[in-house]
Amino acid sequence: MNETVVPAMALIEAGYGVVLATPNGKKPHIDEVSDSAQHFGGDEQAYQRSRTFFARHSSMNELRSLRSVIEEGLENYAGVFLPGGQAPVVDLMQDAELGEILRYFHALKKPTAFLCHGPIASLAAVPNARQFRAALIIRDMVKASEMAKGWQYAGYRMTVFSASEEKSVEENILRGKLYFTMPDALQMAGGDVSTNPVDFEPYVVEDRELITGQNPRSDHPLAAKLIAALDRATSAG
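Remember, it's a predicted structure, so these values are computed and weren't measured experimentally.

## Section: helix α6 (residues 129-137)
An α-helix turns once per 3.6 residues; consequently, residues spaced three or four apart project the same way.
Step number 1: Buried within α6 are the following residues: A129, F132, R133, A135 and L136. All buried residues of α6 project into a common sector of 160 degrees when viewed along the axis, lining one side.
Step number 2: Those residues of α6 that are buried lie in contact with α4 (87-90), α7 (141-147) and α9 (182-188).
Step number 3: Remark: R139 follows α6 within two positions and exhibits a positive phi of approximately 60 degrees.

## A few points about unusual backbone geometry
Step number 1: With a phi close to 65 degrees, C116 is a non-glycine residue in the positive phi region.
Step number 2: Not every positive phi belongs to a glycine, and F200 is a case in point at roughly 65 degrees.
Step number 3: Structurally, the position occupied by F200 is in the loop between β6 (192-193) and β7 (204-207).

## Observations regarding the packing of aromatic side chains
What describes a pair of aromatic rings is the distance from one ring centre to the other and the angle between the planes of the rings.
Step number 1: Counting across every chain of the model gives 5 aromatic pairs.
Step number 2: When the ring of Y104 is compared with that of F105, the centres are 5.6 Å apart and the planes differ by 85 degrees; the resulting orientation is edge-to-face.
Step number 3: Looking at Y104, the relative accessible area reads 23%, which means it is partly exposed.
Step number 4: Taking the relative accessible area as the measure of exposure, F105 reaches 2% and is therefore buried.
Step number 5: Seen in terms of ring centroids, Y153 and Y156 are 5.5 Å apart; in terms of plane orientation they differ by 85 degrees. Their pairing is edge-to-face.
Step number 6: A relative accessible area of 2% means that Y156 is categorised as buried.
Step number 7: An aromatic cluster is defined as three or more aromatic residues linked by ring pairs; in this entry it consists of W151, Y153 and Y156.
Step number 8: Taking NZ or CZ as reference, K27 lies 4.1 Å from the ring centre of F54, over its face.
Step number 9: Directly above the aromatic system of Y156 lies the positively charged group of R208, at a separation of 3.7 Å from the ring centroid.

## Points about the environment of Y179
Step number 1: As for its placement among the helices and strands, Y179 is situated in the loop between α8 (163-174) and α9.
Step number 2: In sequence terms Y179 and T52 are 127 residues apart; their C-alpha atoms lie 35 Å from each other.
Step number 3: Those residues in contact with Y179 that lie beyond four places of it in its chain are R133, I137 and R139.

## Details of the packing of helix α1 (residues 2-13) against helix α10 (residues 219-236)
A pair of packed helices is characterised by two quantities: the angle between their axes and the separation of those axes.
Step number 1: Orientation of α1 relative to α10, taken along the N-to-C sense of each, is 35 degrees, at an axis distance of 9 Å. Every pair of crossing elements has a handedness; the one defined by α1 and α10 is right-handed. Between α1 and α10, the residues in contact are N2, V6, P7, A10 and L11 and D219, H220, A223, L226, I227 and L230, respectively.
Step number 2: The residue inventory of the contact of α1 with α10, partitioned by class, reads 8 nonpolar, 2 polar and 1 charged.

## Section: the side chain of T159
Step number 1: For T159, the position within the fold is in the loop between β5 (157-158) and α8.
Step number 2: Exposure remark for T159: the relative accessible area of 0% places this residue in the buried category.
Step number 3: Within the structure, the side chain of T159 is placed 2.7 Å from the backbone oxygen of S194, a separation counted as a polar contact.

Definitions and limits used
- Residues numbered from 1 in each chain as written.
- Predicted model: local features only at pLDDT ≥ 70, side-chain atom pairs only at ≥ 80, totals over all residues.
- Heavy atoms only, no water.
- Buried < 20%, exposed > 50% of the residue type's maximum accessible area, 1.4 Å probe, protein only.
- Helix = DSSP H or I, 4+ residues; strand = E, 2+ residues; numbered from the N terminus.
- Arc of directions from axis to C-beta.
- Contact = heavy atoms within 4.5 Å.
- Phe/Tyr/Trp six-rings, centres within 6.5 Å; stacked < 30°, edge-to-face > 60°.
- Lys NZ or Arg CZ within 6 Å of the ring centre and 35° of its normal.
- Axes fitted to C-alpha atoms, helices over the stretch in contact; angles between N-to-C directions.
- Left-handed = near helix turned anticlockwise from the far one by under 90°.
- Nonpolar A, V, L, I, M, F, W, Y, C, P; charged D, E, K, R; others polar.
- Polar contact = N/O pair within 3.5 Å; in protein donor to acceptor, adjacent residues only side chain to side chain.

Here it is as structure tokens:
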């Protein structure tokens, strides 16, 4: 909830329009665990404002498909942002249309931001993203390394939900495990990955057009850096 809504609300307050797009054009499902005031610093009013925003604001309800956004023209957009949740580890990181979008934004150096599990979706830009993910799952690291060649963000400094944070969630909330560790996957592809040694404390890394936040508590600082980057880009343009 907060990973999606906090940046979206901040962008709108800063004067930007927000278009919510998904692979199939349907509204995304909010993880029930995140639907809590706990993810808003215990601020019940902020939590309720966010719930209302997600339920009622036009930007969260006039959904587009990724394909329709591409066909309309990516030149109409100043930047791109992806929140987290475990879903990006499954669908978005191997979505060909997202890969097309990311390659476009990378080529033009337009602000591109990912939060929490979101940075794993940057691997959609790999030409062989589906095969890369499949190799990770079977732990064929030689093939994974081969499939990762050509990744646009190789050499970029970045962060992502850490292995220790993931372990805590897997053991205490999800009662299940991901097929692979996200920091390892990004490093395998050539990312320069760092994480805050203190779990669940805010941490944001900015390198060129790429902005990444480590965990849910990085929502506000990531939004601030994204807005600053958009302001610089739009004023320069």
